[in-house]
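Architecture and fold: a report
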Amino acid sequence: MVNYRNTVAVKLFLVPSLNNECLKSTGEHQAAFIQCLNPASLEKTFPRNTNPTLDGLATDPRSHSMAHRYLPYIHNQVLELAAPELPMSRKAMRERFLAEIEKGASGSGNPDEVQRNREFLALQNMLPVALQRTQAEQTGSNALIRFAAVTEE
């Protein structure tokens, strides 16, 4: 079985076009990291050309509902970008994740995994660029202000 050393995980909203070089490098680090894993364990957990059997974990198409899973996530990401000063649990989890990455970097962590995760966080941190055009227009800026004022995480 593939064992994960870190128990802190986050969902990141990555926009590869913000930094193609970073995304390419991330893929290279992921490939190197996979090479250090036990091949039999990796094959059992992630069989080729099929979906993994999750041994009791609920695998249900409703787990991928746009309305119940993805839209709330996108909603929270837009809220975070519209009002970065708001305290949000997703930001706290990213801070915990970063602390785990740095702990792994200073200890026995896999350097490719550490670098891949750092690059993913760098892509996440570039997201404010995606709203620059919206914020530059008065109507877009007003819409983001109203959105942040009337909604919550």
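Here, the structure is the one placed above.
Presented here is an overview of the structure given in this document. (Residues numbered from 1 in each chain as written. Predicted model: local features only at pLDDT ≥ 70, side-chain atom pairs only at ≥ 80, totals over all residues. Heavy atoms only, no water.)

Focus: the overall build of the protein
Cut-off, in case you're wondering: Under the DSSP-based scheme used, a helix requires at least four consecutive residues in state H or I and a strand at least two consecutive residues in state E, with every element numbered from the N terminus. Per-residue accessibility, obtained with a 1.4 Å probe over protein chains only, is compared with the maximum for each type, and a residue is labelled buried under 20%, exposed over 50%, and partly exposed between these values. By the convention used here, residues are in contact when the closest approach between their heavy atoms is within 4.5 Å. A 1.4 Å probe and the Shrake-Rupley method give the accessible areas. Residues count as covered only by the protein chains that appear here.
Helix and strand content of the protein: 7 helices and 0 strands. For the protein, the succession of helices and strands along the chain, N to C, is α-α-α-α-α-α-α. For the protein, the proportion of its 153 residues judged to be buried stands at 27%. The long-range fraction of contacts in the protein, counting pairs at least 24 apart against all pairs at least 6 apart in sequence, stands at 71%. Taken as a whole, the protein presents about 10700 Å² of accessible surface, with 57% of it coming from carbon and sulfur.

Let's talk about the nonpolar core
Our working definition: To qualify as a nonpolar core, a set must consist of buried Ala, Val, Leu, Ile, Met, Phe, Trp, Tyr and Cys residues joined through side-chain atoms within 4.5 Å.
Counting residues in each nonpolar core, the largest one holds 5 residues, listed as V8, F97, I101, V114 and L121. Elements that contribute at least two residues to this core include exactly α4 (89–106) and α5 (111–125). When residues no more than four places from it in sequence are discounted, the contact partners of I101 are V114, N117, R118 and L121.

A short note on α5
Note the cut-off: Multiplying one less than the number of residues by 1.5 Å gives the expected span of a helix. What qualifies as a polar contact is a pair of N or O atoms within 3.5 Å, subject to a donor-acceptor requirement within protein and to the restriction that residues adjacent in sequence count only when both atoms come from side chains.
Between its first and last C-alpha atoms α5 spans 21 Å; for 15 residues at 1.5 Å apiece the expected length is 21 Å, and the two agree. Buried positions along α5 lie against α1 (20–35), α3 (66–82) and α4. By the N-cap criterion, in which a side-chain oxygen at the helix start approaches the backbone nitrogen of a residue two or three places on, α5 is capped by N110, the distance to D112 being 2.8 Å.

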